[in-house]
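# Summary of structural features
Each chain, written out:
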Amino acid sequence: MAEVKLVNVSKSYDQAATWVLKNINLNIAEGEFAAFIGPSGCGKSTLLRMVCGLEEITSGELFIGGEKVNDWPPNERGVGMVFQSYALYPHMTVAENMAFGLKLAKADKSTIDARVQEAASILQLEPLLERRPKAMSGGQRQRVAIGRSIVQQPRVFLFDEPLSNLDVALRVQMRQELSRLHRKLQTTSVYVTHDQVEAMTLADQIVVLSPLQKGADSNLEQVGKPLELYHRPANLFVAGFIGSPKMNFFDGTLEEAGEELSRVKLGSGEIIQAYVNTASIKKGDAVVLGVRPQDVIAETNSDNVVTGKVVALERLGAESYIYMQHDCIREHFTVRVEDCHQRDEGSAINIEFPAELCHLFNAQGVAFERTRVPEFD
Ligand SMILES: Nc1ncnc2c1ncn2[C@@H]1O[C@H](COP(=O)(O)OP(=O)(O)OP(=O)(O)O)[C@@H](O)[C@H]1O
Ligand SMILES: [Mg+2]
């Protein structure tokens, strides 16, 4: 086990003509589980491959266990990488696949046998030790790939979307197995995923990356505990990325600044109150109001409402999603309701925005501090 530290790590594939990652600063504590998430192409795999040693670090420093390892080859870093594609040797049995790395490292036979046995028992692969990969399911193959990493007893596990080739049911099961595995082994882990549910459920710390914008000095958007990112997203990017369905955003201006409670005027004239500290800006400044589909209350006559027109309805049984139109929103906004009643297309519905659940962002997309966030830990 070891801590992983990145200091201003940056990557360019073409001699600094274009950058993929810039100034990534991170501390992953010993035994911690960190997840990298972000849209396709933002550099998650590149970052993981730099930690592994498969990709050169263009600038910045990488420390594993307190030692600078920028120039160390992968096999000396003490990391175990698990890929999405499993990358098993087809002509070898499960046991041989798991033993292969240790054999190369010239470990003695009794050590190899003991480690393979232990990994097989942790991953429930004992009945399959003599099978070859082609005779196994995707989930079983991925377990072998993880087993191959476990036998090396790495200081750090690195996972690149290990579950994305599996079907939904198997993914849920494997997610729980990975969580159990981490509790048992307590090995520092870095996990790349597209799937925010995987990140939210597995990670102690989530690292949100965005595609690097021209002129930006970094594409690290926020690092935090899962619920911290959900309740206190630092900016519009994180607010829109964490949580499903996506947070709704309305354009408006500040009507009344406040340290605890602020009033926002939407472009269409409604005044919405939000428990957010906007003391740093003044009346008339542009703001974006954010509210999650599950945080609004549909069809009420109370205060703090906007009225929208129903565009579409998705009824899922236990809940429904109403898609609505409003002047201050580009496409549609989404409202989640816990019923499956029909709503007519084109009908107008009042939606209440509970003031303590509203988010506010400035014109650059930076979040203002919420003053009444529900309790979470
Ligand atoms: N060997 C390479 N040479 C040049 N550009 C590359 C190379 N590998 C990756 N890139 C570019 O770097 C960027 C980041 O790629 P990367 O694979 O790290 O993204 P990712 O976040 O893992 O995406 P995905 O979620 O689709 O796996 C992409 O724009 C990609 O085209
Ligand atoms: Mg990738």
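Residues numbered from 1 in each chain as written. Chains lettered and ligands numbered in written order. Predicted model: local features only at pLDDT ≥ 70, side-chain atom pairs only at ≥ 80, totals over all residues. Heavy atoms only, no water.

Taken in spatial order, the six strands line up as E6-E7-E8-E3-E9-E10 in an open sheet, and their pairing is mixed. Strands with a single pairing partner mark the edges of an open sheet, and in this sheet they are strand E6 (79-82) and strand E10 (220-224). Within the sheet, the average angular offset between the axes of one strand and its neighbour, ignoring direction, is 15 degrees. Along the sheet face, helix H5 (residues 138-150) touches E6 and strand E7 (156-160) and points at about 170 degrees away from the line of E6. (Pairing = 2+ DSSP bridges. Helix = DSSP H or I, 4+ residues; strand = E, 2+ residues; numbered from the N terminus. Axes fitted to C-alpha atoms, helices over the stretch in contact; angles between N-to-C directions. Contact = heavy atoms within 4.5 Å.)

Right, let's get into helix H3 (residues 94-104). For H3, the full list of buried residues reads Val94, Ala95, Asn97, Met98, Ala99, Gly101 and Leu102. Tucked inside the fold, the buried residues of H3 contact helix H4 (109-122) and H5. (Buried < 20%, exposed > 50% of the residue type's maximum accessible area, 1.4 Å probe, protein only.)

Here we take up the sheet that holds strand E15 (residues 286-291). The pairing of strands in a sheet happens through backbone hydrogen bonds and is either parallel or antiparallel. Strand order in the open sheet formed by five strands is E13-E12-E11-E15-E21, and the pairing between neighbours is antiparallel. Of all the strands in the sheet, the pair left with one neighbour each is strand E13 (271-274) and strand E21 (359-362). For this sheet, the mean inter-axis angle between neighbouring strands, taken without regard to orientation, is 45 degrees. Relative to E13, strand E12 (residues 262-266) is paired through four bridges, and the arrangement is antiparallel. When the sheet's bridge partners are listed, Lys265 is paired in E13 with Ile271.

These figures come from the coordinates and say nothing about function on their own.
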